[in-house]
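Okay, here's what each chain looks like letter by letter:
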Amino acid sequence: TLEQLNNVTVQLTGVILDGLSQTKDGFYNVLSLNKLNNVLVVGGTTQNNGYRMMYISGQCKNVIFSSHNFINNNEGVFFNAGIKWDGTDATVGLQNFAIRNCNFINCGNSIIGTSMDQNTGTVTDLVKNFEISGCKWRGGNPGTAMYFPAVDSAMVFNNTIDSVNMALTNDNRIFLFIGTAEFYNNTANIYQGHVA
């Protein structure tokens, strides 16, 4: 758990969070982030989890998550803090958050954010200025590998997708954004569904 940290670098090189082949004893061995500001997280491996491979439960700003390996995880990255957006940056759930140079091998789907209700205009857990760059996805059948239900200005670039969703036949998107996003310089070799 990384919680209530400010202005630090967290070095996880050599650290392995192992779900013990998705068994009861290791099911919740998940990387948990909560209330981080100006934090760089580098290295590490999260593997064999039956639960979410990374759970973000509180507001995070100016976070760079880099060079982490996610291997054989049933579920992906999940962000849910219940923060109602009031139109100001003070109530943005994730702001200036980056996932860089990470590997996602045989992993499930990620849901980063909660909702945008068009009927009421309510936005919960808004994600603003989110970056995914230099990452690799290989194997697995996540359907939608990265889903953003309420996003403002995501940037997804220089990523590689290889052999994803090969056991699926349904209509899905590997990256799905509700809001605004730039998607460029990505390479998809073998996949089922739409890339974005």
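Scope of this entry: the structure provided in the associated data block. (Residues numbered from 1 in each chain as written. Predicted model: local features only at pLDDT ≥ 70, side-chain atom pairs only at ≥ 80, totals over all residues. Heavy atoms only, no water.)

When you go through the protein residue by residue, the secondary structure sums to 0 helices and 19 strands. Whereas a compact globule of 196 residues would reach a radius of gyration of roughly 16 Å, the protein reaches 16 Å, a difference of no more than 12%. Dimensions along the principal axes, computed over C-alpha positions, put the protein at roughly 40 × 35 × 30 Å. Counting all 196 residues of the protein, 46% fall into the buried class. Accessible surface for the protein amounts to roughly 8,900 Å². Of this, 46% is attributable to carbon and sulfur atoms. Where the 10 positive side-chain charges of the protein centre and where its 13 negative ones centre are 2 Å apart. (Helix = DSSP H or I, 4+ residues; strand = E, 2+ residues; numbered from the N terminus. Rg over C-alpha atoms; globule rule 2.2 N^0.38 Å. Buried < 20%, exposed > 50% of the residue type's maximum accessible area, 1.4 Å probe, protein only. Areas by Shrake-Rupley, 256 points an atom, 1.4 Å probe, with all protein chains shown as cover. Lys, Arg positive; Asp, Glu negative; His and termini not counted. Charge placed at Lys NZ, Arg CZ, Asp CG, Glu CD.)

Moving on to the packing of aromatic side chains. Under the definition given, this model contains 11 aromatic pairs. Plain terms: the ring middles of W137 and F175 are 5.2 Å apart, the flat faces sit at 85 degrees to each other, and that makes the pair edge-to-face. Linking W137 in strand β15 (residues 136-138) with F175 in strand β18 (residues 175-184), this pair joins segments that are 38 residues apart in sequence. The class of W137 is buried, set by a relative accessible area of 6%. Between F157 and Y184 the ring centres are 5.2 Å apart and the planes differ by 5 degrees, which places this aromatic pair in the stacked class. (Phe/Tyr/Trp six-rings, centres within 6.5 Å; stacked < 30°, edge-to-face > 60°.)

A few words now on the pattern of salt bridges. Close approach of charged atoms lets side chains of opposite charge pair. Applying the stated criterion to the full structure yields 4 salt bridges. For K128, the salt bridge identified is with D89, shortest N-O distance 2.9 Å. Linking K128 in strand β14 (residues 127-133) with D89 in the loop between β8 (75-79) and β9 (94-100), this pair joins segments that are 39 residues apart in sequence. With a relative accessible area of 36%, D89 lands in the partly exposed category. Measuring nitrogen to oxygen at the nearest pair gives 2.8 Å for the salt bridge that ties R100 to E131. Taken as a pair, R100 in strand β9 and E131 in strand β14 lie far apart in primary sequence, 31 residues in all. (Salt bridge = Lys/Arg side-chain N within 4 Å of Asp/Glu carboxyl O.)

Here 7 strands make up an open sheet; going across it, the order is β2-β4-β7-β10-β15-β17-β19 and the pairing parallel. Edge positions in the sheet fall to β2 (16-18) and β19 (187-188), since each has one partner strand and no second. Note: strand β10 (residues 103-105) against β15, 3 bridges, orientation parallel. Paired with N103 across the two strands is K136, which belongs to β15. (Pairing = 2+ DSSP bridges.)

Moving on, we come to unusual backbone geometry. You will see that N106, though not glycine, has its phi angle at about 55 degrees, which is positive. Its location among the elements puts N106 in the loop between β10 and β11 (110-112). Positive phi is not limited to glycine here, since D125 has a value of about 60 degrees. Tracing the chain through its elements places D125 in the loop between β13 (122-124) and β14.

Attention now moves to the environment of S66. Positionally, S66 belongs in strand β6 (residues 60-66). When sequence neighbours within four positions are dropped, the list of residues in contact with S66 reads V41, V42, G43, R100, N101 and C102. Within polar-contact distance, the side chain of S66 engages the side chain of S67 at 3.2 Å. (Contact = heavy atoms within 4.5 Å. Polar contact = N/O pair within 3.5 Å; in protein donor to acceptor, adjacent residues only side chain to side chain.)

Turning our eyes to something else, we now look at the side chain of T46. Position of T46 relative to the elements: it lies in strand β4 (residues 45-47). Separated by 2.8 Å, the side chains of T46 and H68 make a polar contact.

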